[in-house]
Structures are given as structure tokens and as C-alpha cells.
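Geometric and topological summary
Listed below, chain by chain, are the residues.
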2 protein chains.
Amino acid sequence: MVAGPWMRGLGLLVLSVLMIPLSVRPQNQRPLYLMPVPSSVQIGSGQLLVDASFSVGFTGYTEPRLDRAAQRFLRQLSRQTGIPLLLKPGAAAKASLVIHTDHASKEIQELGEDESYTLEVSATGAKLSAPNPLGVLHGLQTFLQLVDVSPGGFAAPAVTINDKPRFPWRGLMIDSARHFTPLDVIKRNIDGLEAVKMNVFHWHLSDNQGFRVESKKFPKLQEMGSDGLYYTQDEVRDLIAYARDRGIRVVPEFDVPGHSTAWFVGYPELASAPGPYEIERKWGVFDPAFDPANEKAYKFLDQLIEEMAKLFPDHFFHVGGDEVNGKQWDANPKIQEFIKAHDLKNNQGLQAYFNKRLEPLVAKHGKSMVGWDEVLDPTLPKDIVIQSWRGPDALAAAAKQGFRGILSNGYYLDLGWPAARHYAVDPLSGAAANLSPDEKVRILGGESCMWSEYANAENIDSRIWPRNAAIAERLWSPHEVIDPASMYTRMEVISDRLEWLGLTHKTYYHQMLQRIAGPSTPEEFAALETLANVVEPVKDYTREETATVEPTSATPLNRVVDAVPLESAAARHFGELVDKFIAASCHDPANEARLRAQFIAWRDNDAILGLLAQRSSLVKEVSATSQDLSTLGAVGLAALDYMTKGQRAPDDWKAQQLSVLLQIQKPKGQLLLMPAPAVQKLVEAASTGGTCASTN
Amino acid sequence: MVAGPWMRGLGLLVLSVLMIPLSVRPQNQRPLYLMPVPSSVQIGSGQLLVDASFSVGFTGYTEPRLDRAAQRFLRQLSRQTGIPLLLKPGAAAKASLVIHTDHASKEIQELGEDESYTLEVSATGAKLSAPNPLGVLHGLQTFLQLVDVSPGGFAAPAVTINDKPRFPWRGLMIDSARHFTPLDVIKRNIDGLEAVKMNVFHWHLSDNQGFRVESKKFPKLQEMGSDGLYYTQDEVRDLIAYARDRGIRVVPEFDVPGHSTAWFVGYPELASAPGPYEIERKWGVFDPAFDPANEKAYKFLDQLIEEMAKLFPDHFFHVGGDEVNGKQWDANPKIQEFIKAHDLKNNQGLQAYFNKRLEPLVAKHGKSMVGWDEVLDPTLPKDIVIQSWRGPDALAAAAKQGFRGILSNGYYLDLGWPAARHYAVDPLSGAAANLSPDEKVRILGGESCMWSEYANAENIDSRIWPRNAAIAERLWSPHEVIDPASMYTRMEVISDRLEWLGLTHKTYYHQMLQRIAGPSTPEEFAALETLANVVEPVKDYTREETATVEPTSATPLNRVVDAVPLESAAARHFGELVDKFIAASCHDPANEARLRAQFIAWRDNDAILGLLAQRSSLVKEVSATSQDLSTLGAVGLAALDYMTKGQRAPDDWKAQQLSVLLQIQKPKGQLLLMPAPAVQKLVEAASTGGTCASTN
């Protein structure tokens, strides 16, 4: 699972190839934009042209899935290059890309199957070899990432890649309960997972706000618990086949005993308090929970799990188990009586009891149970898997007790962290770093999580991508691959490519801004973009805390805070520019000019955006932030003037600016103005004085 | 059909409301961005808010198509506003928008059905009334165009609209033969047609390069004549139902006796020369043609028309009939013998004979025959319809002979004309203007044509939209509505809205540029955009003439010439700015600053784009144009300097610049640099001297 000793040799080569900036690279050697970084990359010489004659052929083991993969590969290559490409008949061994597969993979994809592959590209052809189709799928994605326009047309550079994943469980969870995720949105995200070599789609299918799968045994689950927004069993089967074609397992989650209001709308008798119940419209942790003292609840779950275990072929079955607040249990004398009678001590004991009753129901249908941290109980069979939202220490503790685990703490995409912060989270860090080799093997990998309080079909792609690619790399690539600058360079390229797959994280941003602006001149729209490009939504759970009206599932997600990416690339680039400018012993006039132009644009932006604010309530909402951006531009200009004139800025000026910047850094309209800290650096640099300005 | 006398009163109001620029409009009165302009618009006071409580109800006649229309309307309104909207149960008469329909429309939509509607919006509610569902469909689109973000949220202004089309035949033809058009691409274009109130989709289904419909009687047509790229009969039925739901008729075209190579691949015995035949891969006019002397050809066509007449329910059936070059006929002694024997004089007579044999086959299956100009023969029944690619005079001549006609000359979208040029073409202009009222009624309307030599699934939307909206307006709106400035203002707004329907004319542009650039810095990509935004492909049929390698259906459409819109909005805006700057008696410093910034950006652009050109063959291809743009920037700056300094530019300077501009205006890489003429105006203005510069 972990990178072999050969990494010590090739690791440096890998990193150096990926990190050489464009400008210093020899003209004929293009940089590689591979993500995740493969285990080993050796650069050859020359390149393989991709033109209309490009062909694919199979040797060794074949199956229909591989043919479909080749067709999809050619379609994608066609999109990337604009060159019409069709599967051509002909001698397989003479194809431009020869794919050799040793044998089949498991009928139902399993955890820990061999996913390795070898890809050799030379000027005369390419060969992809893998033990089974899973490796082929990964290798095809690597090939696609190698192809780009070159001085001689579209081509892949000559290269030899040996690759395999570091962790066997690399997933994305999508919460389709809080906001329903239409099937086509799921599918394009599955395409995205394939592109970055993730292999698990964890489908959060039920919660207080909705039960999203058709049950034929208990049809009131979806009929009364979903507003009509649910997946039919046919759709589920279709999605599973779609994912399997892409080397991705589908793990369903039915969250019990809490997070289950939607179940009780149709079946109130299962709850710990009498109904009636309604679908929950708000966000948060709510009281309704299954009644662990009610034998009927287990009978119901047994039958439902039987039905769903058949529908979802994966070996793992997620039962949730998180965040039971216990209020219904506390308030129900029969349940309290039950706790006493069974010597369960408290609600935690009651939940452990519930899980111990639940686990055999899951096992009976041939599955291993997965649950969030709370399900962990030393008396449960070691077969279960703990998904940790609490943290790596909890995960390490579980591993020590013999349980397998996957990390999600640190990978919550909805919290709005920068990619680099997710990237720095390693499942084998913290307490896990000190586990024994046997224990480490129990850390199966991780899953990014996309909780959907503020994500719907329109903006969910932009909440997942491109940052999810950084998490995918963390879970696939050798643990030495940690440089955030290299990651960002490659992530930006991959982000563009992901749109070719049908993901809409970039296109929808533009369209949502158009809606916010309404009919507008190009200048007005550009002003909105200028502001939107450098703001981010407030982080973690602050959005709930700062809401002026309590948000519900009916709240429109049409504001600037819903449109802007969760990480501002423009602000990051600006921060890098400021760092470079300050660090240079003599200020670079080109960088100075760039900074000056940026500050002037910001300073003058609000005058234009103000016109739009008069016409659009959604623009007006960000007026304060727009004014802050103008101020930021003015502060930046003043700092720049001191620095370029070689004057040390006076202390009282500095104090005044820092106080202004303090105000600017407070969130307004649930938005953060991201370049503020970099401008603060400039103010501080201006106040220490320069050494080189006199030569200016 | 033509606008009533009330237009004389309200027409001015309509135009004035639509043309008041944003800046001088009272704050509470938003401009209307309606396209096509309705027959009559009266502005009221206040506005109808659109929020989550918005509802739709029906009174009068109803049918399932209306329910689907309401659902689609709410979905679209939801997309436009970002507000979740669902069909709500409740009293229809109390809905926010009450839709009243008098009676059903025809089971199979007919030419000339009443398409009128009345839409009244007040602060408390809206009412849409129409004689039949066709008017309802149009009225819903008008309502959607009224809704925009306002200072008080999303809203439609209070307004009373009475509307009906000027012409009953308002169509778009798509050539799905030369490049196959996937069904989803057709569908999104049908959505576009609905949005601009066009009511005919003319489907060019066969040509030398492909036979695109499944025939069960003659399966070798699609099996051997389509490379597998054809529509099944189920897909055709699905598309027809889709179009009917949107008030759009589907007229199929099977082009005979020429343009028919693809037929002969499977059925060479129908041709005028022995086979074998292959699918044509090139563009142009080719020799293969049906053999009019062969009775078997008529028998074949009779059976095929029978099959297709059942598949396509529309009353009209298009048989093509254009561009027979006669070479196969000349070379075939039996055919020449036939001409003599039947006293047909020449090939034209032979084609008339063919048409006279064909028409009864079409009529027998209950259809009226449509054909291009060439089918016109005075002895044919007056029931047929002439589609004129030759021009309005040909159309007027046909009308004088008693034939009905539709205009396509002037509406060829693939020729790359600016929208304003299409917009100026009126079916009742030229010789048609002098027709008698009875003859004028025979001019049914018009059709824009999208021939697909250089359009595939990726870029076809950008070749059709937004310019097709201008043609749609010409065919719907009162003939007094002719101001191109107003048209452009509205077209740009509508263009953004069309993307919400799923059309990709703007998003794909960006993605195609990314492919052309390859991995690049934001500055490099911006430089490519700066150039691409001001170039257009060469016009009319020049692309064929200037090709260095003969283009075929396998030629990748991935170059800058394939990516850029056929009309540059940026160049048009620049031209307007130059005109305004020159026309002002004293130069406006704000406009001067805008021009200067633009010229500097152009001048400096090539230095950045040059870096990309070293890496991308597709960028390198436009290097000469990029250098021209830099030169253009420098020339513009120099002219501006003369003007703002109040100096008259010397004659030799002027002569030199004009000679430079002459070079720049020559197409390079099949691209035109569009701002060159405006810069020339500036050079000429600088050389006449200013009157006001001394106050500067």
C-alpha cells in the first residue's frame, strides 16, 4: 500500500519534473500536469503525436467494459483535441496505444484489488499494461492527462510511468439528502472521480431532510419522505453500472438511528416519540431518532437492509450512526426504562446496543457495516469500518482496537478550506503515524465529504472541484508528494480539463454572476467579476451562525456567496505576487507594475459596481465588500508608493492602515475579502523601509 | 399577418421603451429586453415580484402539453432566478400567473394557426390569455424575458402586451448531413427556437455526406450511407414530440435528385452512372444524381416517401432539388436519349420532368412539396412551396406565378454575416414590396440556414446563436422594428439567457480557447482571448477558397477560426466607441482613456501571446494576426496622440498608416481583424485635424 523503496530514487525525479516552471524549461520538454502524481515517472525523449490516425487496440484479457472504456477514452481524447476519433478496426498490436490486460478483476469490485498499471509512451507508440481492468482505467486517465497541444500539434511526451495507489479506499461522499442531487450531476461527478483516480462514491441517501431511494417494501419512505425527489431502483442500478465502468465502488449510506426524520414521515411508529412527522426543512441536529427499545424497528431495518443490500452490490453498507442528540430518548419513559432494564447506563450505551443489534442485520445480508465515529464500540466485530469525522486520533485509536478506518476529518469540502489545507491532511499523520505496520494497514484511506446545506445541482460541482483533486492526490500519490505550489499549478490545469468531462464548476460561476448582475454592460459585469474573483464564503460553520434569516431547503442559493468558488485563485495569485515583491532585495518593476494595475483596478471598481447595485438587490448585498475592495486598493497603492519611493511609511500611517484592514477582514454579507492579509503584509513592509529604492 | 393599424400608435411607444439607454432611465423603470419585439407593449407601474410563492394556474381549455409547458416554464424561471419553484396545487384563478386558453390547437400543428396572445402583468398578478396553446407557449417566453433581478429582488415589470407574428413560417434549417448533429444538440436548439418564437425546424437529413434517418424499408440508406451516425425512427418521433411541445413544426428534407451520393452507396442502381459509390468526404457540388429516366427511381422514392411521410406528420415535405450539376446526365447516353424522346430540351427540362414525377408522390401521401428555387416550374401545382436561396426577386417572381415561398437568401448563418445584415433582410422587400396584397400573402416567411461544413456538435450553437435571434425578430415583429442598435442591445441580453436553456454558444468558446492555448498562465490565456475576441472567420465562401489543405468531414474543427464567434461583439463595441469619439465636437476624456487603454493592451498583446505560440501550434497559426493587432494598437495610439494634442497628422504619416492598415485588413489564417476599419477612421480623423483639442 505504501510507496516502495524505488521511490527514494525516482521520487526526486518525479517532483523535479513536475515543478520546473514553464519559463526555464527547455523548449522541447513540456512540463507534465499529472494529478494525482504517479508513483514513478521517467521522462523519455520525443513525443507521440495524436492525430486522426490515432488508434487503440487490446491484447490479453478483454471484456465489454474495456471496450466501453476505450470508446469513452477516444471520445474524451476527441474533446480534448478537437480531432474526430473513432474506434478503428485493425491489428490490435499495431495500434497507437496498445492496452494489455492480464486477467479480469472481481465481478463486484472489491476493496484492495490491484489497481496498478504501467504506461510507456514513445515517439512511435504507447503501451498500457495492467494486471486487471482497474489499472487500465487508471492508466487511460494518465494518458489523457499527458496529451496537450504542442508546437507540433497534439501530442503526449515520451514517458515511462509505473503507478499504483497508496491507499485502497479513496472516496467522495455526496449528501443527496439535504439538497437532492439529480442523477446527471452524480454522473458527471463520477466522471470527475475517475479522472483523479478515486475509487469510492459514498452516497448519503437519507437524512432528516429526505429519504432519496425508492423502497418497494416500504414505499412511504420515498413517497412521503422525499417531496418526489428520489432515485428509482432502476436509476440506482444504472448509476452503479456507470460507476463500475469507471472503476468506482458505490457505498450507500442509510443514516440511523438519528438523522432520520424523513423516515418517520411515512413510518412514525419507528421513532422514539409519537408523530406526526414532517420532512425537516432546516439545517442542524434534530431530535427524532429510532426507538432502540422497539422490536419493530429492527424488523423494519432488517427488511429494508435486505432490500437495499440487494440493490447495492458493494460489500460495504453504511449505517451512519452520527449525532444522536438523545432528546427523544431522554423524554421517553419506556426507553429510559429499557436502558435500566438492559444495564445500558446512558444514551451512549443505548446507541451501542442499537448498533450491536444492527450489525448482525447488515452482516446477515453479506455486508460489512460502516459507520461514523459514534458507532465505535469495542464489543462490535472487527469487520466494521469506522469513518472518522472527528479526527485522525480517533481513527488511530480505532485501528489500535483492531478496527479498520477511513479518514474524513480534514476532508470536508463544504467547510470552504483551501486545497492546500486539505492536501496537508494525511490519514497516516498524528497518532496514526505511530501505529505499527499491522495497525497502519487498517487505515484504508479517506473520503472527502460534500454536505449539501448550501449546495444544489447548480453550484455543487464548484464546491467539490477542483479542490477534490488535491484530496485525491493525497490518497493516491506517494506520501512524499506534498509540495502545495506544485499541487496548485497542476490543479489549475486539471480544473480546466474537468470541464471537458461535463463538470460545470467554472461555467456555472459565470452564469450565476450573470443572473446576479442582470442585464449589464461589459464594464459593469467585469466589475462584478473583479469583486467576486477575490472573495470567498465564510468558513467552517460560520455561514449558519451569521445568517440573518434562518436558512432552509427552500432558501434560494443565488447570492454571490453561493456563486463564488470556495477558494479564490485570484487572491492566491495576488498573495504570491506580494510575497515575491516583498522578498526581492530590489523591487522588480514588472511586479510593481502588476501590483499597481491591480490596486488601481480595485480602487476604481466600486464606482462601476455601484451602478449595478442600484439595479440588482443581489449586487447591493455585497456593496460593503465592494467598498472594502476599493479601500484595499487605495491602501495598497499608498503602501506601494512608499516602497517604490524608498520612504519608510510613518508609524501613525501604519497604525491607521492596520486598523482599516482589521475592519476589512471582518466578514460582510457572509463573504471574506481574501487579499486583505497580503495587503497587510505590504503595509508592514512599507513601514520597515526598503534598501534598494534609491536605484529606482 | 402584418401588423395592424394600432401599431401606428403603439409602435413608437414600443420602440422608445426598448431603446432608452440604461443611464437616462428613471431608477424605478427598468428597460425591457424583449426579443422578438412584441406587436404592442404598454408599460404600467410597479412590478410583480417572483419569489418562492410564485405559482401558475390554468383556466379554460387545458391539455397535458400545457401542463408540461408550465413545468418547463417554472424550471426555466427557477434557473433564471435561482429560486426553487415547483408546480403548486391550489385555486388556478388565484395563481401568480393565470393562463387562460380558449380552445385546442390542431392535432398536427399547421401553417397559419393563430399564435397570438395577450399578457398583462401588474403588481398583484399576471394573466396570459390566448386562443390556443400556441399563443400560450409564446406568451410564457415573453414572461420569462420580462423577469430580471431588480432592486427589490427578481420581478417582472407591470406591462400589457398584445402580440402576434408578422409571418406564419419562421424557421431554422440545420444541416445534419455534412456534420451529424447529435439529438441533444438539436433539442437545445429547439429550446432556443422556442425562446425566440420561431415555429419551424427544417431538418436537412440527407446529402452527399450522409443519409441520417433510419429507413426500415431501405436500411442500406443509413447502414451504408451514414457511418453509423443517423437518427432512429424512435429518436425522430421523440424529437417531433419535443418540438410540438414547444410549438414548433418539423419539416424533413430529403434532397433529390442531386446532393444524393450517400443514397447511392447502398443503392447505386438509382444513380445516373454506375457505382460503386462512397460517402462523400469533401465539400462542394458533386456529380452523382438520381436517374430521372429510371422508373425504378420513382418506385423507390414512392416507397421511401410513404415511409417518411408517416414518420414526419407535418403537412410539408421538402425534396431539396438544388444544385444538380448535370454531369452524370450529360455523360449518360440513355438519359440524353430520354431527354430527346420526351422533348425535355436540356437538363433543366429533365429536372422539371423529375419534379413533376416527384410531386404526385409527395401529394399522394398527403403532403405539400417544398423545394429550393430550382424546383420552380410553372406547370407544377400551386400547392408547392419555394424556398429561395437565390433571393427575394426569385421569391417575388414565384409569388406572382401563384406559388407560396419562404426566404432563406440573406439568412445563411454559416456565411458569417453580422446580425444587422441579416436583420436588414425583409421577405417583403425588393421586388416583393411591390406585390399585390394577395401575392404578398404567399410570402409565408423565412428560414435561417445552418449549413454544417464547418460546424459540429461543439461549435454549432455558436454559429447559430445569438444571430438567429435577429432573424427570428425580423420574421415575428412588426416591419417597423428595424433599429439595429436596439436589436444588438437586446440580442446581447438574450444571448446570455439562451445559455440558461442549455445552449453552449458562449461556454464552448472559452473551452475551445483553453484547448488552443494548452496549459497557460492567466495572462497568457487573457492574451489569447484579447486577440480571439476581435477576430472573425473569413466571410461567405472564402474559407473554402483560402484553405491550404482541402477540408473534409474528418478535418478537426479545433482552430481559432472554428472557436471564435462569427460576429465579434468586442469589435462592434470598439467601432461604436470610435464613432462616438470622433463625432464629439470636443473629445470626451473618458472615451479617450478607454481607447488608449484598449490600444495599449493590443500593442502589448503579442509579446505575451508569442510565449504561447512557442508552445501551441494552434496559437502559432494566428501569429501574423497577433502581430497585426499589436501594429493596430500602435497605429491607434499614434492617431489618438495627434487628436488629443490638437495636431493635424501629416499627410505622409497618414499615407503610411493607410498602407499598413491595408495589409492588416487582408485575411490571415482565415481570420479577419475586425477593428481595423475603425482604426482607419481614427487615422483619417487625425489627418483632418481637430477643433477643440486646445482646451484639453
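First, a word on scope: everything that follows refers to the structure included in this document.

About the thresholds
Residues numbered from 1 in each chain as written. Chains lettered and ligands numbered in written order. Predicted model: local features only at pLDDT ≥ 70, side-chain atom pairs only at ≥ 80, totals over all residues. Heavy atoms only, no water. Helix = DSSP H or I, 4+ residues; strand = E, 2+ residues; numbered from the N terminus. Phe/Tyr/Trp six-rings, centres within 6.5 Å; stacked < 30°, edge-to-face > 60°. Buried < 20%, exposed > 50% of the residue type's maximum accessible area, 1.4 Å probe, protein only. Lys NZ or Arg CZ within 6 Å of the ring centre and 35° of its normal. Contact = heavy atoms within 4.5 Å. Buried area = accessible area lost by both parts, 1.4 Å probe. Salt bridge = Lys/Arg side-chain N within 4 Å of Asp/Glu carboxyl O. Polar contact = N/O pair within 3.5 Å; in protein donor to acceptor, adjacent residues only side chain to side chain. Nonpolar A, V, L, I, M, F, W, Y, C, P; charged D, E, K, R; others polar. Least-squares fit on C-alpha atoms with pLDDT ≥ 70 in both. Pairing = 2+ DSSP bridges.

A word on unusual backbone geometry
Here the amide bond leading from Trp 465 of chain A into Pro 466 of chain A is cis, since omega sits at 5 degrees, within 30 degrees of zero. Locating Pro 466 of chain A in the fold gives a position in the loop between α15 (460–464) and α16 (467–476). With an omega of 5 degrees, the peptide bond between Met 35 of chain B and Pro 36 of chain B qualifies as cis. When you line up the elements, Pro 36 of chain B lands in the loop between α1 (6–19) and β1 (40–49). Although it is not a glycine, Asp 540 of chain A sits at a positive phi angle of roughly 50 degrees. Structurally, Asp 540 of chain A is set in the loop between β18 (535–537) and α20 (542–546). Located in the positive-phi region is Asp 227 of chain B, a residue other than glycine, with phi close to 55 degrees. Looking at the element boundaries, Asp 227 of chain B is found in the loop between α5 (220–225) and α6 (233–245).

Re the packing of aromatic side chains
Scanning the model with the defined rule gives 57 aromatic pairs over all chains in all. Look at Phe 201 of chain A and Trp 203 of chain A: their rings are 5.4 Å apart centre to centre, the planes differ by 45 degrees, and that puts the pair in the tilted class. Exposure class is identical for Phe 201 of chain A and Trp 203 of chain A. Each is buried. When the ring centre of Tyr 298 of chain A is taken as reference, the NZ or CZ atom of Arg 357 of chain A above it lies at 4.1 Å. Here the basic side chain of Arg 474 of chain B rests over the ring of Tyr 423 of chain B, its NZ or CZ set 4.4 Å away from the ring centre.

Focus on the interface of chain B and chain A
Opposite the 44 residues of chain B that make contact, chain A presents 44 residues. Buried area between chain B and chain A, both sides added, is near 3300 Å², and the carbon and sulfur share of it is 60%. The three residues of chain B that bury the most area against chain A are Trp 500, Arg 515 and Pro 519 of chain B, which together make up 19% of that side's buried surface. On the surface where chain B and chain A come into contact, there are 0 salt bridges. Taken together, chain B and chain A are joined by 14 residue pairs in polar contact (both at pLDDT 80 or more). Where the side of chain B that touches chain A is concerned, the elements lending two or more residues are α2 (64–81), β6 (148–150), β7 (153–163), α17 (484–500), α18 (507–517), α23 (589–615) and α24 (617–620) of chain B. Element by element, the count of residues in the side of chain B that touches chain A is highest for α18 of chain B, at 8 residues. Of the residues belonging to the side of chain B that touches chain A, the class tally is 19 nonpolar, 17 polar and 8 charged.

Regarding the relation of the copies chain B and chain A
There are two copies of the chain, and a rotation about an axis plus a shift along that axis relates them. Rotating chain B by 180 degrees and translating it 0.0 Å along the rotation axis places it on chain A, where the RMSD comes to 0.0 Å. Considering both components of the superposition, the chain copies are consistent with a two-fold axis. In terms of C-alpha distance to the rotation axis, chain B has Thr 507 of chain B as its closest residue, with the C-alpha 3.2 Å off the axis. Looking at chain B, 100% of its interface residues are interface residues in chain A too, so the copies touch through the same face.

Structural notes on the pairing of strand β8 (residues 169–175) of chain B
All names here are of chain B. Of all 7 residues making up β8, 7 are buried, and the element is well covered by its neighbours. Note that β8 and strand β17 (residues 443–450) share 6 bridges and pair parallel. From the neighbouring strand, Trp 169 faces β17, where its bridge partner is Gly 445. Relative to strand β9 (residues 200–204), β8 is paired through 5 bridges, and the arrangement is parallel. Looking at β9, one finds that Leu 172 is bridged to Phe 201.

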